[in-house]
Amino acid sequence: MRIIALTNQKGGVGKTTSTVNIAAALAAKGRKVILMDLDPQAHLTTFLGQDPTQNQASAFEVLARSMPLAEALRPVRSHMLLLASGLDLAAAEVELVSVVGRETILRDAITKSPVEYDYIFIDCPPSLGLLTLNALGAAKEVFIPLQPHFLSLQGLSQLLETLLLVHTRVNPALKVTGLFYCMFDGRTSLSNEIVNDVQAFFSHSQIPNCPWKDIKIFETRIRRNIKLAESPSHGQTIFEYENFCHGAEDYRMLAEEVEAMAAVPPASDSPAPAPSQPPPPADPPVIYPAT
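J.: What should I look at first to understand the overall build of the protein chain in this one?
T.: Counting its secondary structure elements, the protein chain contains 12 helices and 8 strands. Within the protein chain, buried positions represent 51% of all 291 residues. Sequence-distant contacts, at least 24 apart, represent 80% of the contacts inside the protein chain between residues at least 6 apart. Here the protein chain displays about 13,400 Å² of accessible surface, and carbon together with sulfur accounts for 54% of that area.

J.: Explanation requested: unusual backbone geometry in the structure shown.
T.: Note: most peptide bonds trans; most residues except glycine with negative phi. One non-glycine residue, Ala 42, adopts positive backbone phi at about 60°. Following the sequence through the fold, Ala 42 ends up in the loop between strand S2 (33-37) and helix H2 (43-47). Ala 42 sits in the buried class, given a relative accessible area of 2%. Its identity as a non-glycine residue notwithstanding, Met 183 has a phi of 50°, on the positive side.

J.: I would appreciate a short explanation of the packing of helix H6 (residues 105-112) against helix H7 (residues 130-138) in the present structure.
T.: Think of two packed helices as two axes; the pair is described by the angle between the axes and how far apart they sit. Interhelical geometry of H6 versus H7 gives an angle of 40° and a closest axis separation of 7 Å. Between H6 and H7, the interaxial angle falls into the category oblique. Two secondary-structure elements touch here, H6 through Ile 105, Leu 106, Arg 107 and Ile 110 and H7 through Asn 134, Ala 135, Gly 137 and Ala 138. Of the residues belonging to the contact of H6 with H7, the class tally is 5 nonpolar, 2 polar and 1 charged.

J.: Looking at this structure, how should I read helix H12 (residues 246-260)?
T.: What sets the pattern is the α-helix's 3.6 residues per turn: residues three or four places apart point alike. The terminal C-alpha atoms of H12, which comprises 15 residues, lie 21 Å apart, in line with the 21 Å expected from a rise of 1.5 Å per residue. Every buried residue of H12 is accounted for by Gly 247, Ala 248, Asp 250, Tyr 251, Leu 254, Ala 255, Glu 257 and Val 258.

J.: What is the right way to look at the environment of Asn 192 in this model?
T.: Along the chain, Asn 192 falls in helix H9 (residues 189-203). Not counting the four nearest positions on each side in its chain, Asn 192 is found in contact with Phe 184 and Gly 186.

J.: Would you explain the sheet that holds strand S1 (residues 2-6) in this entry?
T.: Adjacent strands of a sheet form backbone hydrogen bonds with each other and so pair up, either parallel or antiparallel. With mixed pairing, 8 strands are arranged side by side in an open sheet as S3-S4-S2-S5-S1-S6-S7-S8. Because the sheet does not close on itself, it has two edges, and the strands there are strand S3 (74-77) and strand S8 (216-217). For S2 and strand S4 (residues 80-83), the ladder comprises 4 bridges, and the chain directions are parallel. When the bridges of S4 are listed, Val 33 appears paired with Met 80.

J.: Please explain the packing of aromatic side chains as it appears in this structure.
T.: Where two aromatic rings form a pair, the distance of their centres and the angle of their planes describe that pair. What the rule picks out here adds up to 5 aromatic pairs. Here the aromatic rings of Tyr 181 and Phe 184 are separated by 6.0 Å at their centres, their planes lie at 55°, and the arrangement is tilted. In this pair, the class of Tyr 181 matches that of Phe 184, namely buried. With 5.1 Å between their ring centres and 65° between their planes, Phe 201 and Phe 202 make a pair best called edge-to-face. The residues Phe 201 and Phe 202 share a single accessibility class, namely buried. Grouping aromatic residues by their ring pairs yields a cluster made of Phe 143, Phe 180 and Phe 218.

Definitions and cut-offs
Residues numbered from 1 in each chain as written. Predicted model: local features only at pLDDT ≥ 70, side-chain atom pairs only at ≥ 80, totals over all residues. Heavy atoms only, no water. Helix = DSSP H or I, 4+ residues; strand = E, 2+ residues; numbered from the N terminus. Buried < 20%, exposed > 50% of the residue type's maximum accessible area, 1.4 Å probe, protein only. Contact = heavy atoms within 4.5 Å. Areas by Shrake-Rupley, 256 points an atom, 1.4 Å probe, with all protein chains shown as cover. Axes fitted to C-alpha atoms, helices over the stretch in contact; angles between N-to-C directions. Parallel < 35°, antiparallel > 145°, perpendicular 65-115°, else oblique. Nonpolar A, V, L, I, M, F, W, Y, C, P; charged D, E, K, R; others polar. Expected span 1.5 Å × (residues − 1). Pairing = 2+ DSSP bridges. Phe/Tyr/Trp six-rings, centres within 6.5 Å; stacked < 30°, edge-to-face > 60°.

Below, the structure written as structure tokens:
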């Protein structure tokens, strides 16, 4: 069983599209998949043809009303269950601000749930807040979708700093196990320069015991494809919308790589004991584009 959070503090990098289509490719192979939408914008929920304004149980009830996870899940496809989102999820951060252990509510809900699954994919908001902390507190793995642009590269430094902090303070079991490129155009020199810079950074990272020390940069790159942009408006995965386009081919290959990875060894769900003194802050990793 694998719990994977897809996160990037920069929006528009293909995070939700990747979450849906990786999960759909695995579900098509008979894997039991749970999708969790922790973004109040509810893009993943809408992507799967669900109405986020309907008066149905959602992530808000699980996080803020202690509803059992099994009661909030809804079937959306064969072998796929959804923990939906909605606008009320934005209020969860306010309601939980004074709750003890608020960063681990989702982890506790998953632990107590009797629902069997092979994968849980968590779609995080493009910001660092209580919702993202709950996702990272519950996950064992993190995948980083990255668009090969300069600003995305700069945002990667901030993201890794955040993940290091969560790994240290909230979830010592968290590992950054995968990075893949979205909207990739191999014909441009910038894309190839950024690929080389990212590879060089992870190869020479000197931060001890960092959560990305065993990261895999996936060989599959999600190419630019108009069908990937069109499919959400129809409430369909790329395989339902256009099964033989480049986007479907790329996500099918990426799902194969995900399944071929060795799962992260299970770790105790109990939080790490608080240190007697806070550890010294680590220098944030900085990545510069090639000149």
